[in-house]
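# Examination of the molecular architecture
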Amino acid sequence: MATMWQQEIEMMPRKSLEALQLERLKWSVQYSYQNVPFYRAKMDENGIKPTDIKNLSDLQYLPYTTKEDLRQCYPFGAFAQPCKNLVRLQGSSGTTGKPTLVGYTRNDLNNWSDLVARIAVAAGVTCEDIAQISFGYGLFTGALGLHQGLERVGAMVVPLSSGNTERQLLMMEDLQTSVLVATPSYGLYLSELIAERGLKDKLNLRIGLFGSESCSTEARRMIERNAGIFVTDNYGMSELIGPGVAGECQLRQGLHVAEDHFLPEIISIENQEILGEGKVGELVMTSLTKEAMPIIRYRTGDITCINYEPCACGRTHARIDKIKGRVDDMIIVKGVNVFPSQVENAIAGITALSPHYMLVVQRDGIMDSLEVKLELKQNPQFMGCEEKHRLETMLYTKLRSLLGLRVKVTLVAPKSLERFQGKAKHVIDLRNI
Ligand code: DLL
């Protein structure tokens, strides 16, 4: 059996877990109704009272909450407690407009640390580890969230923050960092430098706790190979608590949801109907224990599916698949829905290509066009014209059949696409709409 941070809870039989969820759901709905005018108004509007929640399935009668609803509550309107009872403020990682602010009571921080400790231990972290945090510190929940959780496990935390790549590599070598905490994009960039400079054997990297954006299997393989590291995928969002909502164990067969704190649902993107196990749709989450900012049926915008089979590691909580994309990541080109992750999947396993890509959408007159820029591993000068042409034709055909759309394929030189220290950007939309 795998080592766990809170074994009794992580391996709780499904029946007991559901009983705990129901008890907590009743509390959370009542608490939100009483303390957050926004939830009270929404429930009243929909003619539902907290006492109507008698079973877990009664959750379906509660209205959804959207990011826009939370924006309307800026800065403190979604909080259930006055600021004097809060001990921390964090926010969304968006860089434009007003951030979505989220608050924490001392109990919330305590739970959060345990949830992050769970995903760290699930990946194999112990108190012997030296953990370098290369997420940006600030309102973003990634850095402080991992920081507290790793401290709780007893690892030695090095709060380097993101950026200053030379210093990251220097510290990694001098301190013999064993755990790297980063976005996959930054992890990929660091791993490319490690390979280029032949640093792998001088480093002591063991585990990568990655998250905050998706990472293709191909990119993960490359990071692991270049840096000699084992990487887990970890999911969360500030509105829910931050990292620690779901994470992979060492078996990497889906991300275990902390179901004693969050109740997951999957709904159809088209008509918001609740979908069953294994069906792909939008993840909706309800908090069960949060005090500062409870959240009821929050539409995360993230696309995945859910699996209730217990994992071979012994954990019983439901697992979600790796996030397939975001509802709002979708671009519509000539009426066709395109997700950047489709391109990522199409190029996986093509040895001539690096995992870096960019989609550029343009409009000439009334016609939309999509260009897919793909980065070669090798300088195109060293490729025969014929070989390059063959690769372009193969990619064109593959993308056309996968996306159902004619695209322009542009192969670009190694290292010519932008590298990211936080979350990567994969779409440039030049249409003025
Ligand atoms: O990114 C929390 C986090 C930090 C999770 C560090 C894991 C590690 P936000 O800045 O609020 O919070 O962004 C939340 O990021 O709705 C997803 O779209 C995306 N996201 C987070 N984790 C993953 C992941 C943090 N593992 C938004 N795979 C979410 C894919 C992810 N997307």
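A few points on the structure. (Residues numbered from 1 in each chain as written. Predicted model: local features only at pLDDT ≥ 70, side-chain atom pairs only at ≥ 80, totals over all residues. Heavy atoms only, no water.)

## Considering the packing of helix α8 (residues 184-196) against helix α9 (residues 217-227)
Threshold: For helices, the axis comes from a line fit to the C-alpha atoms of the stretch in contact; other axes are also lines fit to C-alpha atoms, and the angle between any two N-to-C directions lies between 0 and 180 degrees. Secondary structure is summarised from DSSP: a helix means a run of H or I of at least four residues, a strand means a run of E of at least two, and numbering begins at the N terminus for each. Angle categories are assigned with fixed cut-offs, so that under 35 degrees is roughly parallel, over 145 is roughly antiparallel, 65 to 115 is roughly perpendicular, and the rest are oblique. What makes a crossing left-handed is the near helix being turned counterclockwise from the far one by less than a right angle; a clockwise turn instead makes it right-handed. Residue contacts are counted whenever heavy atoms from the two residues lie within 4.5 Å of one another. Ten residue types, Ala, Val, Leu, Ile, Met, Phe, Trp, Tyr, Cys and Pro, are classed as nonpolar, four, Asp, Glu, Lys and Arg, as charged, and the remainder, Gly among them, as polar.
Contact geometry of α8 with α9 gives a least axis separation of 8 Å together with a crossing angle of 40°. Put simply, α8 runs oblique to α9. Handedness of the α8/α9 crossing: left-handed. Side by side, α8 and α9 meet where Pro 184, Gly 187, Leu 188, Ser 191, Glu 192, Ile 194 and Ala 195 of the first sit next to Ala 219, Met 222, Ile 223, Asn 226 and Ala 227 of the second. Split by residue class, the contact of α8 with α9 holds eight nonpolar, three polar and one charged.

## Section: the pairing of strand β18 (residues 353-364)
Put simply, the rule reads: Summary of the burial criterion: residues with accessible area below 20% of their type's maximum are buried, those above 50% are exposed, and those between are partly exposed, where the area comes from a 1.4 Å probe applied to protein chains only. A pair of strands counts as paired when DSSP detects no fewer than two bridges linking them.
Extensive coverage of β18 is indicated by the burial of nine of its twelve residues. When β18 meets strand β19 (residues 367-376), the two strands line up antiparallel, connected through nine bridges. Across the sheet, residue Arg 363 finds its bridge partner in β19, namely Asp 368. The antiparallel pairing of β18 with β19 creates a hairpin that spans two residues between the two strands, and Gly 365 there sits at a positive phi of about 65°. Judged from the three bridges that link them, β18 and strand β21 (residues 427-429) form a sheet pairing that is parallel. Residue pairing for β21: Val 361 is matched across the bridge by Asp 429.

## Considering the packing of aromatic side chains
We apply this condition: Note on aromatic pairs: the rings of Phe, Tyr and Trp (six-membered ring only in Trp) are paired at centre separations within 6.5 Å, and the planes decide the class, stacked below 30 degrees, edge-to-face beyond 60, tilted for the rest. Any Lys NZ or Arg CZ found within 6 Å of a ring centre and within 35 degrees of that ring's normal is scored as a charge over the ring.
Per the stated rule, a full pass over the model turns up six aromatic pairs. Taking the centre distance of 4.7 Å and the plane angle of 10° together, the rings of Tyr 104 and Trp 112 count as stacked. Residue Tyr 104 shares its accessibility class with Trp 112, and that shared class is buried. The interplanar angle of 90° and the centroid separation of 5.5 Å between the aromatic rings of Phe 135 and Phe 140 together place this pair among those described as edge-to-face. For Phe 135, a relative accessible area of 5% puts it in the buried group. Overall, the relative accessible area of 17% leaves Phe 140 in the buried class. Taking NZ or CZ as reference, Arg 299 lies 5.8 Å from the ring centre of Tyr 64, over its face.

## Remarks on the sheet that holds strand β12 (residues 298-304)
Consider a sheet: its strands pair through backbone hydrogen bonds, and that pairing is either parallel or antiparallel. With antiparallel pairing, the four strands of this open sheet are ordered in space as β10-β11-β12-β15. The two strands at the open ends of the sheet, each matched to only one other strand, are β10 (262-267) and β15 (325-326).

## Regarding the side chain of Glu 375
To keep things clear, this is the line we draw: Here a polar contact means two N or O atoms within 3.5 Å. Within protein one must be a hydrogen donor candidate and the other an acceptor candidate, and residues neighboring in sequence count only if both atoms are side-chain atoms.
By the secondary structure assignment, Glu 375 is in strand β19. A relative accessible area of 2% places Glu 375 in the buried class. Within the local environment of Glu 375, its side chain forms a polar contact with the backbone nitrogen of Ser 416, the two atoms lying 3.3 Å apart. Apart from the residues within four sequence positions on either side, Glu 375 is in contact with Ala 352, Leu 353, Ser 354, His 356, Val 412, Ala 413, Pro 414, Lys 415, Ser 416, Leu 417 and Arg 419.

## Regarding helix α6 (residues 141-153)
Where we set the bar: A helix is expected to reach a length of 1.5 Å times the quantity of its residues less one.
Helix length check: α6, at 13 residues, gives a terminal C-alpha distance of 18 Å against a target of 18 Å (1.5 Å per residue), a fit within 8%. α6 sits mainly inside the fold: ten of its 13 residues count as buried. Taken together, the buried positions of α6 are Thr 141, Gly 142, Ala 143, Gly 145, Leu 146, His 147, Gln 148, Gly 149, Leu 150 and Val 153. Backbone geometry just downstream of α6 places Gly 154 in the positive-phi region, at approximately 105°.

## A few points about unusual backbone geometry
Residue Pro 75 is reached from Tyr 74 by a cis peptide bond, and omega for that bond is 0°. With respect to the secondary-structure elements, Pro 75 resides in the loop between α4 (67-72) and β1 (88-91). Of note, the phi angle at Ser 161 is positive, near 70°, even though the residue is not glycine. Within the secondary structure, Ser 161 is located in the loop between β4 (156-158) and α7 (165-175). You will see that Lys 415, though not glycine, has its phi angle at about 65°, which is positive. Secondary-structure assignment places Lys 415 in the loop between β20 (408-412) and β21. With relative accessibility at 47%, the residue Lys 415 sits in the partly exposed group.

## Focus on the pattern of salt bridges
Pairing between side chains of opposite charge can happen when the charged atoms of each approach one another. Here is the rule: Whenever Lys or Arg places a side-chain nitrogen within 4 Å of a carboxyl oxygen from Asp or Glu, that contact is recorded as a salt bridge.
Evaluated as defined, the whole model comprises 26 salt bridges. The partner of Glu 265 in a salt bridge is Arg 297, with the nearest N and O atoms 2.8 Å apart. Here the residue Glu 265 occupies a position in strand β10, and Arg 297 occupies one in the loop between β11 (281-287) and β12, the gap between them amounting to 32 residues. The exposure class of Glu 265 is buried, given its relative accessible area of 9%. Here Asp 302 makes a salt bridge to Arg 326, at a shortest N to O gap of 2.9 Å. Of the two residues, Asp 302 sits in strand β12 while Arg 326 sits in strand β15, which places them 24 residues apart along the sequence. Classification of Arg 326 by relative accessible area gives partly exposed; the value is 25%. The structure contains a network of salt bridges with shared partners spanning Arg 363, Asp 368, Asp 429 and Arg 431.

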